[in-house]
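Coordinate analysis (summary)
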Amino acid sequence: MSTEGKVKRITTKALYLLKKKGIKITALTAYDYMHARILDAAGIDVILVGDSLSNVFQGNETTLPVTMDEMIYHTKAVTKAVERAMIIVDLPFMSYQLSTDEGFRNAGRIMKETSASGVKLEGGERVAETIRKITQAGIPVMGHLGLTPQSIHQFGSYRERGRIEEEAEEIIKDSIIVQEAGAFAVVLEKIPADLAKKVSEQLTIPTIGIGAGVYCDGQILVTPDMLGLNENFHPRFVRKYLNLRDDIENAVKQYISDVKDSSFPNQEESY
Ligand code: KIV
């Protein structure tokens, strides 16, 4: 089969080489076809179909309610749009916590039903066996340490993790465990920049930071946050590149006004 004219897909090896060369990895979340197409056209390296879907798409307070079926539904829309970026899918809460076999089965289901390139799951030592089993089946796994939102009820708040020495040591130890279990990359969420630097330097796999400072090998943000779609969410780690919420509201107001005063549609917009 000819591969002429085909865009080269980002792979785990490509991400590893970016780290080796000191070139930063870029990642954003997507949950639908239109956004995924734009992110891919812009040249993003990794698209995460994150379980933040639960918050920003479904309007839930936490990531806990989103289901396997819903993650698969959204991922199918994303994979249809993307030619170059690597697409990673979050294993949702309770899809891998019950047992290693359950996590393995659900990771396989995502790969079979969506054409994604890999899965992400949260935790260190306690999920090491699951990471090992999934990767041994040829499925790339991204780890996730620091503030892991699926454990929010255990943490009790969204404050940063790793400020206390005990927590920092656990994150350092878990990052090595996750790498040794076979993960190809690890997300570091909301931890001090110096700790993320230490972790990034000690690992051969890339670290992807969110609220973890500039020393990570790459960065990820939740796309609706960086586009300024959520007026009630202003953590300091989010840089807003647009104020899309206001732009959309203004466009809708203009449309309402144009319809009301019959200036839409005009002659060119009619048959
Ligand atoms: O679900 C998500 O969007 C994530 C990112 C915050 C890394 O896990």
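Residues numbered from 1 in each chain as written. Predicted model: local features only at pLDDT ≥ 70, side-chain atom pairs only at ≥ 80, totals over all residues. Heavy atoms only, no water.

1. Focus: helix α1 (residues 12-21)
Definition in use: For each residue, the accessible area found with a 1.4 Å probe, counting protein chains only, is set against the maximum for its type, and the residue is called buried under 20%, exposed over 50%, and partly exposed in between. By the criteria applied, helices consist of DSSP H or I runs no shorter than four residues and strands consist of E runs no shorter than two, each listed in order from the N terminus. This arc is built from the directions going out from the helix axis to the C-beta atoms. The contact criterion used throughout is that any non-hydrogen atoms of two residues lie within 4.5 Å.
Listed as buried for α1 are Leu 15, Leu 18 and Lys 19. With its buried residues spanning 100° around the axis, α1 presents them on a single face. In this structure, α1 carries Lys 13, Lys 20 and Lys 21 as exposed residues pointing more than 90 degrees from its buried face. Packed against the buried residues of α1 are β1 (25-29), β2 (46-49), β3 (86-90) and α9 (193-202). Of the residues flanking the end of α1, it is Gly 22, one or two places downstream, whose phi is positive at about 75°.

2. Describing the environment of Met 226
Tracing the backbone shows Met 226 in helix α10 (residues 223-226). Given the relative accessible area of 13%, Met 226 is considered buried. In the structure, Met 226 is positioned 143 residues away from Glu 83 in sequence and 23 Å away in space, judged by C-alpha atoms. What Met 226 contacts, discounting residues up to four positions off in sequence, is Leu 28, Leu 221, Val 238, Arg 239, Lys 240, Tyr 241 and Leu 242.

3. A short note on the side chain of Thr 114
Note the cut-off: Definition of a polar contact: a pair of N or O atoms within 3.5 Å, with one able to donate and the other able to accept a hydrogen when the atoms are protein atoms, and with sequence-neighbouring residues admitted only if both atoms are side-chain atoms.
Take Thr 114: it is sitting in helix α5 (residues 100-114). A distance of 2.6 Å separates a polar atom in the side chain of Thr 114 from the backbone oxygen of Ile 110.

4. Thoughts on the layout of surface pockets
Note the cut-off: Think of a 1 Å grid over just the protein atoms. A cavity is a set of points where a 1.4 Å probe fits yet cannot get out, a pocket is an open set with protein on both sides within 12 Å along at least five of seven lines, and lining residues have an atom within 4 Å of a point. Grid points are joined across faces, edges and corners, and a volume is the space filled by probe spheres set on the points. Put simply, Ala, Val, Leu, Ile, Met, Phe, Trp, Tyr, Cys and Pro go in the nonpolar bin, Asp, Glu, Lys and Arg in the charged bin, and everything else, Gly too, in the polar bin.
The volume enclosed by the largest pocket comes to roughly 560 Å³. Lining the largest pocket we find 29 residues, and of these Ser 52, Pro 149, Glu 189, Val 222 and Phe 233 sit closest to its centre. Elements supplying a minimum of two residues to the lining of the largest pocket: α3 (53-56), β6 (185-189) and β8 (218-221). Considered class by class, the residues forming the lining of the largest pocket number 13 nonpolar, eight polar and eight charged.

5. Things to note about the pairing of strand β5 (residues 141-146)
Put simply, the test is: Any two strands between which DSSP finds at least two bridges are classified as paired. Think of it like this: strands point away, you trace from the first strand over the helix to the second, and a clockwise trace means the crossover is right-handed.
For β5, a buried count of six out of six residues is recorded, marking the element as mostly surrounded by other parts of the structure. Pairing analysis gives two bridges linking strand β4 (residues 118-120) to β5, with the strands arranged parallel. Each bridged residue has a counterpart across the sheet, and for Lys 120 the counterpart in β5 is Met 142. Running through helix α6 (residues 128-136), the crossover from β4 to the neighbouring parallel element β5 is right-handed. Across five bridges, β5 lies against β6 in parallel orientation. By the bridge assignment for β6, Leu 145 is matched with Leu 188.

6. With respect to the sheet that holds β4
Inclusion rule: As a rule, the C-alpha atoms of each element are fitted with a line to give its axis, helices using only the stretch in contact, and angles between N-to-C directions run from 0 to 180 degrees.
Taken in spatial order, the eight strands of this closed barrel run β1-β2-β3-β4-β5-β6-β7-β8, and their pairing is parallel. Taking each pair of neighbouring strands and ignoring which way they run, the sheet shows an average axis angle of 25°. Where β6 lies against strand β7 (residues 207-210), four bridges are found, and the strand directions are parallel. Counted as the bridge partner of Val 186 is Thr 207 from β7.

7. Examining the packing of α5 against α6
Test applied: Every angle not falling under 35 degrees, over 145, or within 65 to 115 is termed oblique; those three ranges are roughly parallel, roughly antiparallel and roughly perpendicular. With the far helix as reference, a near helix turned anticlockwise by less than a right angle produces a left-handed crossing, and one turned clockwise produces a right-handed crossing.
For the pair α5 and α6, the least separation of the axes is 9 Å and the interaxial angle reads 40°. Of the possible angle classes, the one that applies to α5 and α6 is oblique. Crossing angle aside, the handedness with which α5 passes α6 is right-handed. Contact residues: Thr 100, Asp 101, Gly 103, Phe 104 and Ala 107 in α5; Glu 129, Thr 130, Lys 133 and Ile 134 in α6. Looking at the contact of α5 with α6 residue by residue, the class counts come to three nonpolar, three polar and three charged.

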